[in-house]
Amino acid sequence: MAKHLKALIGPSILNSDLSRLYEESQKLLDNGADYLHLDVMDGHFVPNLTFGHPVVKCLRNKIKDAFFETHMMVANPEQWISPMADAGVNQYTFHIEPVDDVERVCRKIKESGMKVGLAIKPGTPVSDVEKYISMSDMVLIMTVEPGFGGQKFMEDQMIKVRHLREHYPLLNIEVDGGVGPATIGCCANAGANMIVSGTAVIGAQDQAATIKQLRDTVQQAMSQ
Ligand SMILES: O=C(CO)[C@H](O)[C@H](O)COP(=O)(O)O
Ligand SMILES: [Fe+2]
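Values in this document were obtained by computation on a predicted structure and should not be read as measured data. (Residues numbered from 1 in each chain as written. Chains lettered and ligands numbered in written order. Predicted model: local features only at pLDDT ≥ 70, side-chain atom pairs only at ≥ 80, totals over all residues. Heavy atoms only, no water.)

(A) A look at the side chain of Gln 157. The topology assignment puts Gln 157 in the loop between β6 (138-142) and α6 (158-167). Among the residues examined, Gln 157 registers a relative accessible area of 4% and is labelled buried. If we ignore the near neighbours within four places in the chain, the residues touching Gln 157 are Pro 122, Ile 141, Met 142 and Thr 143. (Helix = DSSP H or I, 4+ residues; strand = E, 2+ residues; numbered from the N terminus. Buried < 20%, exposed > 50% of the residue type's maximum accessible area, 1.4 Å probe, protein only. Contact = heavy atoms within 4.5 Å.)

(B) Structural context of the coordination of the iron ion (ligand 2). Each protein donor to the iron ion (ligand 2) is listed here as His 37 (NE2), Asp 39 (OD), His 71 (ND1) and Asp 176 (OD); together their distances run 2.1 to 2.2 Å. For the iron ion (ligand 2), the six donor atoms in the first shell make angles of 72 to 174 degrees at the metal, a pattern classed as octahedral. (Donors = N, O, S within 2.8 Å, 3.2 Å for Na, K, Ca; no water. Tetrahedral: all angles 85-135°; square planar, octahedral: opposite > 155°, others 65-115°.)

(C) Quick look at the pattern of salt bridges. If you walk through the whole model with that rule in mind, you get six salt bridges. The residue Lys 108 makes a salt bridge to Glu 78 at a minimum N-O spacing of 2.8 Å. Taken together, the positions of Lys 108 in helix α4 (residues 102-111) and Glu 78 in the loop between β3 (68-73) and α3 (81-86) put the pair 30 residues apart, joining distant regions of the chain. According to the relative accessible area criterion, Lys 108 is partly exposed, its value standing at 37%. One connected set of salt bridges, linked through shared partners, spans Glu 78, Arg 104 and Lys 108. (Salt bridge = Lys/Arg side-chain N within 4 Å of Asp/Glu carboxyl O.)

(D) Structural context of the site of ligand 1. Near ligand 1 you find 20 residues, and of these Gly 147, Gly 150, Asp 176, Gly 198 and Thr 199 are the closest. His 37 places a side-chain nitrogen or oxygen 3.4 Å from an oxygen atom of ligand 1. Between Gly 178 and ligand 1, the recorded distance is 2.8 Å, taken from a backbone N or O atom to an oxygen atom. A total of 370 Å² of accessible area belongs to ligand 1 in isolation, and the protein chains cover 99% of it. With three residues, strand β2 (residues 36-41) is the single largest residue contributor to the shell around ligand 1. Across the shell around ligand 1, the residue classes tally to seven nonpolar, eleven polar and two charged. (Near = heavy atom within 4 Å. Polar contact = N/O pair within 3.5 Å; in protein donor to acceptor, adjacent residues only side chain to side chain. Areas by Shrake-Rupley, 256 points an atom, 1.4 Å probe, with all protein chains shown as cover. Nonpolar A, V, L, I, M, F, W, Y, C, P; charged D, E, K, R; others polar.)

(E) View of the sheet that holds strand β4 (residues 91-95). Read across the open sheet, the eight strands follow the order β1-β8-β7-β6-β5-β4-β3-β2; overall the sheet is parallel. The outermost strands of the open sheet, each flanked by one partner alone, are β1 (8-11) and β2. Strand-to-strand twist in this sheet, taken as the mean axis angle between neighbours without regard to direction, amounts to 25 degrees. Relative to strand β8 (residues 194-197), β1 runs parallel, the two sharing four bridges. Of the residues in β8, the one forming a bridge with Gly 10 is Val 196. Along the sheet, helix α2 (residues 53-62) makes contact with β2 and β3, crossing β3 at roughly 170 degrees. (Pairing = 2+ DSSP bridges. Axes fitted to C-alpha atoms, helices over the stretch in contact; angles between N-to-C directions.)

(F) Representation of α4. Among the residues of α4, those classed as buried are Val 102, Val 105, Cys 106 and Ile 109. What you see down the axis of α4 is that its buried residues fit within an arc of 100 degrees, all on one side. Where the residues of α4 are buried, they touch α3, β4 and β5 (115-120). Positioned one or two residues after α4, Gly 113 has a phi angle of 95 degrees, which is positive. (Arc of directions from axis to C-beta.)

Encoded structure:
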(Lines give C-alpha, C1' and ligand atoms only; values in the text may rest on other atoms or scores of the structure.)
(Ligands and ions follow the chains in the order given, each with its own letter.)
Protein backbone atom coordinates (compact mmCIF):
# COMPACT_ATOMS: atom_id res chain seq x y z
CA MET A 1 0.00 0.00 0.00
CA ALA A 2 1.19 3.52 -0.76
CA LYS A 3 3.02 4.96 2.21
CA HIS A 4 1.67 8.47 1.99
CA LEU A 5 -1.94 7.46 2.48
CA LYS A 6 -3.05 8.23 6.01
CA ALA A 7 -4.64 5.80 8.43
CA LEU A 8 -7.71 7.64 9.68
CA ILE A 9 -10.27 6.55 12.24
CA GLY A 10 -13.77 8.02 11.98
CA PRO A 11 -16.10 6.82 14.70
CA SER A 12 -19.81 6.60 13.94
CA ILE A 13 -22.05 8.18 16.57
CA LEU A 14 -25.04 6.13 15.33
CA ASN A 15 -25.28 3.95 18.43
CA SER A 16 -24.29 6.60 20.94
CA ASP A 17 -26.66 8.48 23.24
CA LEU A 18 -27.95 10.91 20.61
CA SER A 19 -29.50 13.15 23.26
CA ARG A 20 -25.86 13.97 24.06
CA LEU A 21 -24.63 14.23 20.49
CA TYR A 22 -22.22 17.09 21.16
CA GLU A 23 -20.70 15.56 24.31
CA GLU A 24 -20.35 12.13 22.68
CA SER A 25 -18.75 13.66 19.57
CA GLN A 26 -16.34 15.83 21.52
CA LYS A 27 -15.36 12.86 23.67
CA LEU A 28 -14.52 10.84 20.54
CA LEU A 29 -12.37 13.68 19.22
CA ASP A 30 -10.64 14.11 22.58
CA ASN A 31 -9.95 10.38 22.51
CA GLY A 32 -8.14 10.62 19.19
CA ALA A 33 -10.78 10.32 16.45
CA ASP A 34 -9.45 11.73 13.16
CA TYR A 35 -12.90 12.61 11.87
CA LEU A 36 -16.58 12.08 12.65
CA HIS A 37 -18.74 9.79 10.51
CA LEU A 38 -22.34 11.05 10.69
CA ASP A 39 -24.95 8.53 9.50
CA VAL A 40 -27.87 10.21 7.76
CA MET A 41 -30.85 7.93 7.01
CA ASP A 42 -34.13 8.95 5.40
CA GLY A 43 -36.40 5.94 5.95
CA HIS A 44 -36.54 5.33 2.18
CA PHE A 45 -33.12 4.18 1.01
CA VAL A 46 -32.80 2.31 4.30
CA PRO A 47 -35.52 1.21 6.74
CA ASN A 48 -34.38 3.57 9.50
CA LEU A 49 -34.33 7.27 10.38
CA THR A 50 -31.63 9.29 12.05
CA PHE A 51 -31.04 13.02 11.60
CA GLY A 52 -30.47 15.58 8.89
CA HIS A 53 -28.74 18.85 8.18
CA PRO A 54 -30.37 20.87 11.02
CA VAL A 55 -28.77 18.58 13.58
CA VAL A 56 -25.43 18.55 11.74
CA LYS A 57 -25.48 22.35 11.68
CA CYS A 58 -26.07 22.53 15.44
CA LEU A 59 -23.18 20.12 15.99
CA ARG A 60 -20.94 22.23 13.73
CA ASN A 61 -21.82 25.34 15.77
CA LYS A 62 -20.34 23.63 18.81
CA ILE A 63 -17.45 21.78 17.14
CA LYS A 64 -15.66 24.22 14.87
CA ASP A 65 -12.64 22.41 13.56
CA ALA A 66 -13.29 18.66 13.21
CA PHE A 67 -13.66 16.97 9.82
CA PHE A 68 -17.31 15.94 9.34
CA GLU A 69 -18.20 13.17 6.90
CA THR A 70 -21.90 12.56 6.31
CA HIS A 71 -22.78 9.05 5.16
CA MET A 72 -25.90 9.79 3.14
CA MET A 73 -28.16 6.73 3.18
CA VAL A 74 -30.89 8.59 1.35
CA ALA A 75 -32.99 8.02 -1.77
CA ASN A 76 -32.15 11.38 -3.35
CA PRO A 77 -28.60 12.44 -2.40
CA GLU A 78 -28.70 15.44 -4.74
CA GLN A 79 -31.44 17.03 -2.62
CA TRP A 80 -29.26 17.47 0.47
CA ILE A 81 -25.99 18.71 -1.02
CA SER A 82 -26.59 22.40 -0.52
CA PRO A 83 -28.11 22.12 3.01
CA MET A 84 -25.26 19.86 4.14
CA ALA A 85 -22.62 22.21 2.70
CA ASP A 86 -24.33 25.06 4.53
CA ALA A 87 -24.28 22.96 7.72
CA GLY A 88 -20.49 22.77 7.53
CA VAL A 89 -19.97 19.24 6.21
CA ASN A 90 -16.48 18.50 4.81
CA GLN A 91 -17.17 15.29 2.94
CA TYR A 92 -20.44 14.17 1.41
CA THR A 93 -20.46 10.40 0.99
CA PHE A 94 -23.47 9.09 -0.93
CA HIS A 95 -24.69 5.75 -2.20
CA ILE A 96 -24.58 5.44 -5.96
CA GLU A 97 -27.35 2.80 -6.11
CA PRO A 98 -30.37 5.14 -6.30
CA VAL A 99 -28.65 7.80 -8.44
CA ASP A 100 -29.20 8.16 -12.21
CA ASP A 101 -26.47 10.69 -12.89
CA VAL A 102 -23.61 10.04 -10.47
CA GLU A 103 -21.27 12.42 -12.29
CA ARG A 104 -23.69 15.32 -11.89
CA VAL A 105 -24.01 14.65 -8.15
CA CYS A 106 -20.20 14.50 -7.83
CA ARG A 107 -19.88 17.81 -9.68
CA LYS A 108 -22.47 19.51 -7.48
CA ILE A 109 -20.80 18.28 -4.29
CA LYS A 110 -17.45 19.66 -5.48
CA GLU A 111 -18.99 22.96 -6.55
CA SER A 112 -20.45 23.30 -3.06
CA GLY A 113 -16.96 22.95 -1.57
CA MET A 114 -17.20 19.46 -0.10
CA LYS A 115 -15.18 16.34 -0.81
CA VAL A 116 -16.89 13.46 -2.63
CA GLY A 117 -17.32 9.99 -1.18
CA LEU A 118 -18.90 7.18 -3.20
CA ALA A 119 -20.54 4.35 -1.24
CA ILE A 120 -21.71 0.90 -2.31
CA LYS A 121 -23.85 -1.65 -0.51
CA PRO A 122 -22.68 -5.25 -0.07
CA GLY A 123 -24.69 -6.45 -3.08
CA THR A 124 -23.32 -3.83 -5.47
CA PRO A 125 -20.38 -4.90 -7.64
CA VAL A 126 -17.22 -2.89 -7.25
CA SER A 127 -17.17 -2.31 -11.02
CA ASP A 128 -20.27 -0.10 -10.61
CA VAL A 129 -18.25 2.42 -8.60
CA GLU A 130 -14.95 2.12 -10.46
CA LYS A 131 -16.06 4.21 -13.41
CA TYR A 132 -16.55 7.24 -11.12
CA ILE A 133 -13.35 7.01 -9.10
CA SER A 134 -11.62 9.82 -10.95
CA MET A 135 -14.41 12.16 -9.80
CA SER A 136 -14.19 11.15 -6.15
CA ASP A 137 -12.00 11.59 -3.09
CA MET A 138 -12.92 8.30 -1.43
CA VAL A 139 -14.79 5.03 -1.93
CA LEU A 140 -16.77 3.47 0.92
CA ILE A 141 -17.16 -0.30 0.85
CA MET A 142 -20.03 -1.17 3.19
CA THR A 143 -19.35 -4.21 5.34
CA VAL A 144 -22.96 -4.52 6.56
CA GLU A 145 -26.30 -3.79 4.92
CA PRO A 146 -26.74 -0.08 5.57
CA GLY A 147 -29.42 0.95 8.05
CA PHE A 148 -28.36 -0.14 11.51
CA GLY A 149 -25.34 -0.14 13.77
CA GLY A 150 -24.15 -3.18 15.67
CA GLN A 151 -24.38 -5.70 12.82
CA LYS A 152 -21.94 -8.47 11.95
CA PHE A 153 -18.95 -7.60 9.76
CA MET A 154 -19.13 -9.11 6.26
CA GLU A 155 -15.66 -10.41 5.51
CA ASP A 156 -16.64 -11.33 1.95
CA GLN A 157 -16.58 -7.61 1.10
CA MET A 158 -12.78 -7.54 1.50
CA ILE A 159 -12.41 -8.79 -2.07
CA LYS A 160 -13.68 -5.38 -3.20
CA VAL A 161 -11.25 -3.52 -0.94
CA ARG A 162 -8.36 -5.67 -2.16
CA HIS A 163 -9.31 -5.10 -5.78
CA LEU A 164 -9.50 -1.32 -5.33
CA ARG A 165 -6.20 -1.12 -3.42
CA GLU A 166 -4.45 -3.17 -6.09
CA HIS A 167 -5.67 -0.94 -8.92
CA TYR A 168 -5.80 2.44 -7.14
CA PRO A 169 -2.85 2.68 -4.73
CA LEU A 170 -3.58 6.33 -3.89
CA LEU A 171 -7.32 5.99 -3.33
CA ASN A 172 -8.84 6.60 0.08
CA ILE A 173 -10.80 3.43 0.83
CA GLU A 174 -13.21 3.41 3.75
CA VAL A 175 -14.93 0.45 5.40
CA ASP A 176 -18.06 0.78 7.52
CA GLY A 177 -20.07 -1.75 9.46
CA GLY A 178 -19.09 -4.16 12.20
CA VAL A 179 -15.51 -2.89 12.28
CA GLY A 180 -13.67 -3.06 15.60
CA PRO A 181 -10.63 -4.67 17.21
CA ALA A 182 -11.77 -8.15 16.12
CA THR A 183 -12.15 -7.27 12.43
CA ILE A 184 -9.68 -4.44 11.83
CA GLY A 185 -6.94 -6.87 10.80
CA CYS A 186 -8.97 -8.04 7.78
CA CYS A 187 -9.72 -4.47 6.74
CA ALA A 188 -6.13 -3.29 7.16
CA ASN A 189 -4.64 -6.24 5.28
CA ALA A 190 -7.10 -5.79 2.43
CA GLY A 191 -5.97 -2.16 2.07
CA ALA A 192 -8.58 0.01 3.77
CA ASN A 193 -7.13 3.23 5.23
CA MET A 194 -10.25 5.03 6.48
CA ILE A 195 -11.99 3.14 9.22
CA VAL A 196 -15.49 3.73 10.50
CA SER A 197 -16.26 2.09 13.80
CA GLY A 198 -19.46 2.59 15.75
CA THR A 199 -20.45 0.12 18.44
CA ALA A 200 -16.91 -1.10 19.08
CA VAL A 201 -15.64 2.40 19.86
CA ILE A 202 -18.73 3.82 21.55
CA GLY A 203 -19.01 0.78 23.82
CA ALA A 204 -15.28 0.46 24.55
CA GLN A 205 -14.13 0.67 28.14
CA ASP A 206 -11.13 2.64 26.96
CA GLN A 207 -12.16 4.61 23.90
CA ALA A 208 -8.74 6.18 23.34
CA ALA A 209 -6.97 2.81 23.46
CA THR A 210 -9.46 1.28 21.03
CA ILE A 211 -9.09 4.14 18.54
CA LYS A 212 -5.31 3.89 18.82
CA GLN A 213 -5.39 0.12 18.31
CA LEU A 214 -7.46 0.52 15.15
CA ARG A 215 -5.09 3.18 13.79
CA ASP A 216 -1.94 1.25 14.74
CA THR A 217 -3.22 -1.86 12.95
CA VAL A 218 -3.85 0.08 9.73
CA GLN A 219 -0.52 1.91 9.96
CA GLN A 220 1.30 -1.35 10.44
CA ALA A 221 -0.35 -2.89 7.37
CA MET A 222 0.48 0.23 5.36
CA SER A 223 4.15 0.07 6.25
CA GLN A 224 4.55 -3.48 4.93
O1 LIG B 1 -23.54 3.20 8.19
C2 LIG B 1 -23.75 2.57 9.20
C3 LIG B 1 -24.92 1.65 9.27
O4 LIG B 1 -25.63 1.71 8.10
C5 LIG B 1 -22.86 2.79 10.40
O6 LIG B 1 -21.88 3.73 10.10
C7 LIG B 1 -22.20 1.53 10.88
O8 LIG B 1 -23.10 0.50 11.05
C9 LIG B 1 -21.36 1.78 12.13
O10 LIG B 1 -21.77 1.11 13.21
P11 LIG B 1 -21.16 -0.32 13.69
O12 LIG B 1 -19.66 -0.15 13.77
O13 LIG B 1 -21.83 -0.52 14.99
O14 LIG B 1 -21.55 -1.33 12.65
FE1 LIG C 1 -22.06 4.74 8.11
